[in-house]
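# A structural walkthrough
Single-letter residue listing:
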Amino acid sequence: MDKKTMTLGEFIIENQDSFQYTSGELSRLLNGLRLAAKVVNHEVNKAGLVDIIGAAGDTNIQGENQQKLDVMANEKFIQTLSKREIVCGIASEEEDDFISINSFDKQHQNKYIVLIDPLDGSSNIDVNVSVGTIFSIYRRVTPVGTPVTLEDFLQPGRNQVAAGYIVYGTSTMLVYTTGDGVNGFTLNPALGTFYLSHPDMEFPETGKIYSVNEGNYVHFPKGVKDYIKYCQEEEGDRPYISRYIGSLVSDFHRNMIKGGIYLYPKSSKAEEGKLRLLYECNPMAFLAEQANGKASDGFNPIMDIIPKELHQRVPFFCGSKKMVEKAEEFMAAKS
Ligand code: AHG
Ligand code: MN
Ligand code: MN
């Protein structure tokens, strides 16, 4: 079969056997995410038409304004995954606590948990700029047949069995890994079908793009300031190009295709950084490593961090391997 005519549904089935714990459960879960992605895509695409733009008037646990579409995307993903009884637990950036899922006949028999950032880059919604969804999947560590506990969610990123994102951009794409490379699927909106448009995605080893919110420059640690100056210096293939959308998913997606580095360091304003380890950094780190890239907190691999809390934040340096290593050199020199 010509790989490019393969649909996401076919790809999931075809690759089911290469997954070591195969029982069809992960495939059902990925299919559930595929369905929820289409529903959310439909809502996101009509955002400019109906009165669903703007703050929902509530704040999430991090004290940020929730956008209406944040709330909607959160509900759609949780509904799809819980009603189809394919996971035993869900944690979401938009929920204070994790959700344990059970049904009468299943008796906590499902093995997988999902962590999700239902709408990433939500401050971009009302200006018609790309947003995304990020997901991360683990096997539970507590025994099947019992309710999930916090321990199931506080696993290091290394334990992920799958991770991915959906980018609602000029076209809608679902990009994911189950630990055997990264593949990207583009939605044909007329048919409602995702096709394998980007097989075996890889970060170029190095690149020319750096992505960071430079408005925070004065608050950055010395190592980051020095690295930014290095990016801007005229030497060899530098100065690099600065590109920052403000949607992690979109910035990551562009950098993976073109070659680049994304930085969200800690600053004197945000001592732990801003991005969430479990909903944003771990899944992106898994994708990055599977795509020959790298993800670190400036010093150590993101996926080696042992999480302490659900909504933990962490500094994030991610992208083309050589660029992340160079940034780490600057961090090590100035710490
Ligand atoms: P979210 O919309 O899920 O809260 O995430 C926003 C994140 C990330 O997508 C983005 O890269 C970053 O916040 C942008 O932050 P700044 O506006 O501080 O640059
Ligand atoms: Mn986010
Ligand atoms: Mn979000």
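The shown structure was predicted, so the numbers you read here are calculated from the model rather than taken from an experiment.

## Brief notes about helix H8 (residues 321–333)
Helix length check: H8 (13 residues) gives 18 Å between terminal C-alpha atoms against 18 Å at 1.5 Å per residue, within 8%. Residues of H8 that are buried include every one of Met323, Val324, Ala327, Glu328 and Met331, and no others. Taken end-on, H8 shows its buried residues confined to a sector of 140°, consistent with a single buried face. Turned more than 90 degrees away from the buried face of H8, the exposed residues are Ala332 and Ala333. In this structure, the buried side of H8 is in contact with strand S11 (209–211), helix H5 (222–232), strand S13 (260–264), strand S14 (293–296) and strand S15 (316–320).

## Describing the domain arrangement of the chain
When the domains of the chain are assigned, the result is domain 1 (3–198) and domain 2 (209–333). Counting residues at the interface gives 50 residues for domain 1, matched by 34 residues for domain 2. With both sides pooled, the region where domain 1 packs onto domain 2 buries about 3,000 Å², and carbon together with sulfur makes up 61% of that total. The largest per-residue losses of area from domain 1 upon contact with domain 2 belong to Leu154, Arg158 and Tyr165, which jointly make up 22% of the total buried on that side. Remark: the boundary between domain 1 and domain 2 carries three salt bridges.

## Observations concerning the side chain of Thr177
Positionally, Thr177 belongs in strand S8 (residues 172–177). At 2.7 Å, the side chain of Thr177 forms a polar contact with the backbone oxygen of Gly181.

## Here we look at the environment of Pro204
By the element assignment, Pro204 lies in the loop between strand S10 (193–198) and S11. Residues Pro204 and Val40 lie 164 residues apart in sequence; the distance between their C-alpha atoms is 31 Å. Setting aside chain neighbours within four positions, we find Pro204 in contact with Asn255, Met256, Ile257, Lys258, Gly259 and Ser320.

## Some points on the coordination of the manganese ion (ligand 3)
Protein coordination of the manganese ion (ligand 3) is provided by Glu93 (OE), Asp117 (OD) and Leu119 (O), with donor distances spanning 2.2 to 2.3 Å. As a motif over one chain, the donors of the manganese ion (ligand 3) read E-x23-D-x1-L. A separation of 3.7 Å is found between the manganese ion (ligand 3) and the manganese ion (ligand 2), both of which receive a donor from Asp117. Of the two residues, Glu93 sits in the loop between strand S3 (89–92) and strand S4 (99–100) while Leu119 sits in strand S5 (residues 112–120), which places them 26 residues apart along the sequence.

## A few points about the coordination of the manganese ion (ligand 2)
For the manganese ion (ligand 2), every protein donor is listed as Asp117 (OD), Asp120 (OD) and Glu280 (OE), and the spread of their distances is 1.8 to 2.2 Å. For the manganese ion (ligand 2), the donor residues sit on a single chain with the sequence spacing D-x2-D-x159-E.

Parameters and conventions
Residues numbered from 1 in each chain as written. Chains lettered and ligands numbered in written order. Predicted model: local features only at pLDDT ≥ 70, side-chain atom pairs only at ≥ 80, totals over all residues. Heavy atoms only, no water. Helix = DSSP H or I, 4+ residues; strand = E, 2+ residues; numbered from the N terminus. Expected span 1.5 Å × (residues − 1). Buried < 20%, exposed > 50% of the residue type's maximum accessible area, 1.4 Å probe, protein only. Arc of directions from axis to C-beta. Contact = heavy atoms within 4.5 Å. Domains from an automatic or database assignment. Buried area = accessible area lost by both parts, 1.4 Å probe. Salt bridge = Lys/Arg side-chain N within 4 Å of Asp/Glu carboxyl O. Polar contact = N/O pair within 3.5 Å; in protein donor to acceptor, adjacent residues only side chain to side chain. Donors = N, O, S within 2.8 Å, 3.2 Å for Na, K, Ca; no water.

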